[in-house]
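Residue strings, one per chain:
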Amino acid sequence: TVIQQDAADAATPQNLCLFEDGKGRMTFTRTLAAGSSTEREIVPGAPQAIIWARGPGETDLTSRHATRGEVSLDLTDVSGGVSEVKVTGQWTLWLHLLLMAPAWGLILPLGAA
């Protein structure tokens, strides 16, 4: 069952979200070169960061994603499998909060005086 298909690709099914036999599959194509400043170049033979997410339901594409992550995958040799990428940004947010709270606690009273 085709769940969602890009309207521009209706004649040639290159970008599809499918749900068959209890499994979801997304198929898409794109050029190796970055098409804009918001895209990254795909380098054959080098691990690529793949960001993925899926929702709680099988056919509900509008819900917030219940499961998400990032993996590293060499697209020219997928036999090696994927390597899960550890997200390291969370600790920097807590460190920022930890240091900014006392800083504002000291600076704000000095500016008000």
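Residues numbered from 1 in each chain as written. Predicted model: local features only at pLDDT ≥ 70, side-chain atom pairs only at ≥ 80, totals over all residues. Heavy atoms only, no water.

Enquirer: What is the right way to look at the environment of Gly 55 in this model?
Expert: As for its placement among the helices and strands, Gly 55 is situated in the loop between strand 4 (47–54) and strand 5 (67–74). Separated by 10 residues in sequence, Gly 55 and His 65 place their C-alpha atoms 4.0 Å apart. With residues near it in sequence (within four places) discarded, Gly 55 still touches Arg 64, His 65 and Ala 66. (Helix = DSSP H or I, 4+ residues; strand = E, 2+ residues; numbered from the N terminus. Contact = heavy atoms within 4.5 Å.)

Enquirer: Can you walk me through the sheet that holds strand 6 (residues 83–84) in this structure?
Expert: Pairing between the strands of a sheet is mediated by backbone hydrogen bonds and can be parallel or antiparallel. In spatial order, the strands read 4-5-6; together these three strands make up an open sheet with antiparallel pairing. Of all the strands in the sheet, the pair left with one neighbour each is strand 4 and strand 6. Bridge analysis of strand 4 against strand 5 gives eight bridges, and the strand direction is antiparallel. Looking across to strand 5, one finds that Pro 47 is bridged to Asp 74. (Pairing = 2+ DSSP bridges.)

Enquirer: Quick question: what am I supposed to make of the side chain of Gln 48 here?
Expert: In this structure, Gln 48 sits in strand 4. Looking at Gln 48, the relative accessible area reads 10%, which means it is buried. (Buried < 20%, exposed > 50% of the residue type's maximum accessible area, 1.4 Å probe, protein only.)

Enquirer: Just checking my understanding: could you explain the pairing of strand 5 for this structure?
Expert: Look at any regular strand and the pattern is simple: side chains alternate between the two faces of the sheet. With two bridges joining them, strand 5 and strand 6 adopt antiparallel strand pairing. Looking at strand 6, one finds that Ser 72 is bridged to Ser 83.

Enquirer: Please explain the environment of Gly 24 as it appears in this structure.
Expert: Relative to the helices and strands, Gly 24 is located in strand 3 (residues 23–27). Judged by relative accessible area, which is 62%, Gly 24 ranks as exposed. Taking the C-alpha atoms as reference, Gly 24 lies 9.3 Å from Arg 54; in sequence the two are 30 residues apart. Ignoring sequence-local partners within four residues, the contact set of Gly 24 consists of Leu 18 and Phe 19.

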